[in-house]
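A closer look at the structure
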Amino acid sequence: MTGYDPRAPQDFAGRHITVAGLGVSGVPAARALAGLGARVTVVNSSDGERERAQAAELAELGATVRLGDGDTLPEGTELIVTTPGWKPSSPLFLAAEKAGVPVWGDVELAWRLRGPDAAPWLAVTGTNGKTTTVRMLASILTAAGLRTAAVGNIGVPLVDVVLGEGRAEGASYDVLAVELSSYQLHWAPSVRAHSATVLNLAPDHLDWHGSMEAYAADKGRIYEGNTVACVYNAADPATEELVRQADVEEGCRAIGFTLGTPGPSQLGVVDGILVDRAFVENRQKQAQELAEIADIAPASGKAAPHNIANALAAAALARAFGVPAAAVREGLRTFHPDAHRIQHIADVAQVAYVDDSKATNTHAAEASLAAYEHIVWIAGGLAKGATFDELVRTAAGRLRAVVLIGADRALIREALGRHAPDVPVVDLDRTDTGAMSEAVREAARLAEPGDTVLLAPACASMDMFVNYNKRGEAFADAVGELAAAGH
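Let me sum up the structure you'll find in this document. These numbers come from a predicted model, not from an experiment.

As a further point, take the environment of Gly14. Mapped onto the fold, Gly14 is located in the segment before strand 1 (16–20). When the C-alpha positions of Gly14 and Arg39 are compared, they lie 5.7 Å apart, and in sequence the two are 25 residues distant. Contacts of Gly14, omitting those with residues within four sequence positions, involve Gly37, Ala38, Arg39 and Glu78.

Taking 1.5 Å as the rise per residue, helix 17 (residues 468–484) with 17 residues should run 24 Å; its terminal C-alpha atoms sit 24 Å apart, in good agreement. Within helix 17, burial applies to Tyr468, Arg471, Gly472, Ala474, Phe475, Ala478, Val479 and Leu482. The arc enclosing the buried residues of helix 17, seen along the axis, measures out at 155°, which places them on a common side. Contacts made by the buried residues of helix 17 are with strand 15 (343–348), strand 16 (351–355), strand 17 (375–379), helix 16 (435–446) and strand 20 (452–455). Residue Asn467 occupies the N-cap position of helix 17, its side-chain oxygen lying 3.1 Å from the main-chain nitrogen of Asn469.

Moving on, we get to the packing of helix 1 (residues 23–35) against helix 2 (residues 49–59). Two elements in contact, helix 1 and helix 2, have axes separated by 10 Å at closest approach and are oriented at 15°. When the interaxial angle is binned, helix 1 and helix 2 end up roughly parallel. In this structure, helix 1 meets helix 2 at a crossing whose hand is right-handed. Residues Gly23, Val27, Ala30 and Arg31 of helix 1 lie in contact with helix 2, whose contacting residues are Gln54, Glu57 and Leu58. Its residues placed into classes, the contact of helix 1 with helix 2 shows three nonpolar, two polar and two charged.

Our focus in this paragraph is the sheet that holds strand 5 (residues 103–105). What the five strands build is an open sheet, ordered 3-2-1-4-5; its pairing is parallel. Unpaired on one side and paired on the other, strand 3 (64–67) and strand 5 mark the two borders of the sheet. Geometrically, the sheet is characterised by an average inter-axis angle of 25° between neighbouring strands, direction not taken into account. Bridge analysis of strand 2 (residues 39–44) against strand 3 gives four bridges, and the strand direction is parallel. Looking across to strand 3, one finds that Val43 is bridged to Arg66. Against the sheet, helix 4 (residues 106–113) contacts strand 4 (79–82) and strand 5, and its axis sits at roughly 85° relative to strand 5.

About the criteria used
Residues numbered from 1 in each chain as written. Predicted model: local features only at pLDDT ≥ 70, side-chain atom pairs only at ≥ 80, totals over all residues. Heavy atoms only, no water. Helix = DSSP H or I, 4+ residues; strand = E, 2+ residues; numbered from the N terminus. Contact = heavy atoms within 4.5 Å. Expected span 1.5 Å × (residues − 1). Buried < 20%, exposed > 50% of the residue type's maximum accessible area, 1.4 Å probe, protein only. Arc of directions from axis to C-beta. Polar contact = N/O pair within 3.5 Å; in protein donor to acceptor, adjacent residues only side chain to side chain. Axes fitted to C-alpha atoms, helices over the stretch in contact; angles between N-to-C directions. Parallel < 35°, antiparallel > 145°, perpendicular 65-115°, else oblique. Left-handed = near helix turned anticlockwise from the far one by under 90°. Nonpolar A, V, L, I, M, F, W, Y, C, P; charged D, E, K, R; others polar. Pairing = 2+ DSSP bridges.

Below is the structure:
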């Protein structure tokens, strides 16, 4: 099947395609392939109530679903379409490699299913800030009068989007704001964006990729074949290096963004104003005002530096698509951050309680901790192969106290012992969901008026919660209980 063009539906008819995994992206992929006439087999390691319901839905479409067996390659498989979480080292993929069976991700499938007049993609990846940047970008594009949507790793399956699901009959998009994870990019060699950005690079998901070099290489795939602009972070040289290594279309430009004064071919900040020296007639001598820092919707009472960087990256991608400056300002003004991203929950007894459950790695937690002066930090969870020395060393001067939860909390405790030995630490030996209430109570006991109790776990949530959203909700509930108790 390698090399065939699956945009023509008949190319799938009768083909035996295995979908690896159910969930948010696996079910739409299996549904789409069955609708195009493929013989679909879905394999899934878990066999729970939810999976059985999904299996029943797909069985009605003619798909075969094997629950509790994700390792065995179904006989006759000609192509595997995988959901993002499956590691490249999975036995299923090793068997596929041995048998000469190609593996696509759900994003690769979506890209190849696009029609000849499909909307171009403005693509975003990075260790942190992807979802915020994509939503900012979609807000800016909408302000410009363009038909758009924020899609991809943000929770809207690209397969559904390219096949037209969820749109009014006859409607189409002008452009898509696409969030792509390193997992998705690993399995998406054909994707070619109009313009793309890698927001930042820091160690994350190393247990999946195997090394920092492999992780960075997968992130860098987002630049391959860009036609107009590769947007990089001037404060993160690794992102610029990925641009240098990328094979792009002739005429594609490297565009930087910086929190300082921008040089030519950059966007940056001058006296509280976001300015563009990239998409102007004379970038050596001219600069276009785009917005003010005050236009960036704050998640915590002020626009944190990393949110300003996100806004600059979104603006750069929008400007690469020809969006006028006025739409950048309007899009940023009307954008509202999602929950669990530096979200101020409440003030209780002159202490602020802030939920940044989305800070699932050290890089995100570092940005969150940098936004506050005096912090009681709630941290811990699944480390995903991360180390915490640099994070603790950087934040030590801001820490009033630390409350630790989760399976890998000992790694953070040890880093605190090395780099912040005088900071009080409460180590809660619990990994149940009820631990969050105790953590908030302990944080309240340690906090002083004017402090911020900050949930920025620097770890994934799955040891205790279904996802970071549920972890953040548990934090908000615990803060509500604290307020109700009159603390």
